[in-house]
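Working through the structure, step by step
Chain residues, written in single-letter form:
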Amino acid sequence: MSQVNPDSAPRTRAFARVIGPFVALATLIVAIRLPDLTGLIDDLFANAVLPWILGAMMLVAGLMVIAFHQYWRGVTAMLISLFGWFVALRGLTLMAFPSAIETGAGDTASPGLLLAARIFFGLMTFMGLWLTYVGWRRVTTA
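What comes next concerns the included structure.

The rules behind each value
- Residues numbered from 1 in each chain as written.
- Predicted model: local features only at pLDDT ≥ 70, side-chain atom pairs only at ≥ 80, totals over all residues.
- Heavy atoms only, no water.
- Helix = DSSP H or I, 4+ residues; strand = E, 2+ residues; numbered from the N terminus.
- Buried < 20%, exposed > 50% of the residue type's maximum accessible area, 1.4 Å probe, protein only.
- Contact = heavy atoms within 4.5 Å.
- Areas by Shrake-Rupley, 256 points an atom, 1.4 Å probe, with all protein chains shown as cover.
- Lys, Arg positive; Asp, Glu negative; His and termini not counted.
- Charge placed at Lys NZ, Arg CZ, Asp CG, Glu CD.
- Core = buried A, V, L, I, M, F, W, Y, C linked by side-chain atoms within 4.5 Å.
- Polar contact = N/O pair within 3.5 Å; in protein donor to acceptor, adjacent residues only side chain to side chain.

Let's shift gears to the overall build of the protein. Along its length, the protein carries six helices and zero strands. Reading the protein from its N terminus to its C terminus gives the helix and strand order α-α-α-α-α-α. Structurally, the protein occupies a C-alpha span of about 55 × 30 × 25 Å along its principal axes. Taken over 142 residues, the protein has a buried fraction of 30%. Relative to all contacts within the protein whose residues are 6 or more apart in sequence, the contacts with residues 24 or more apart total 78%. By element, 72% of the accessible surface of the protein is carried by carbon and sulfur atoms, the whole surface being about 9,200 Å². Looking at the protein, you have 9 positive and 6 negative side-chain charges, and the mean spots of the two groups are 22 Å apart.

This next bit is on the nonpolar core. With eleven residues, the main nonpolar core is built from F15, A16, I19, V23, V65, I80, F83, V87, M124, M127 and L131. Elements with a contribution of two residues or more to this core: α1 (8-33), α4 (75-96) and α6 (111-136). For this core, the element with the most residues is α1, which contributes four residues. Once you skip the residues sitting within four places of it in the chain, F83 turns out to touch I19, V23, M124 and M127.

Relative to the helices and strands, S81 resides in helix α4. Under the relative-accessibility criterion, S81 is labelled buried at 2%. Within polar-contact distance, the side chain of S81 engages the backbone oxygen of Y71 at 2.7 Å. Once residues within four sequence positions are removed from consideration, S81 is found in contact with H69, Y71 and W72.

Next up, the structure:
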């Protein structure tokens, strides 16, 4: 059985402070504006280097979370670690297979997939709100 690292709680809280507000705000905006963002997607993929640069930045950001937050005890720690893996894999996919991401983003024009995407981004918004709460709540020490 592995020992609990004394650095895990403060590090999880620090990651939650940064990731939480970003995810909550970005995914809420995307969920609301999803139909209007098709022009943005078209513009992003119009220049082949832009998806590669964005994917590289996402890969680095995800790898930073993976490298500095290797904790899996507790819901918050798991959410942060899973988020790091999700961002890294999404960035790698964007770099290696940009057409797959473009096709998936373009498919949200259908009503069923639009609803599914809004539900996904809504769930991500709740995750971001949870991380924000955990990261910024006042912690009392005895």
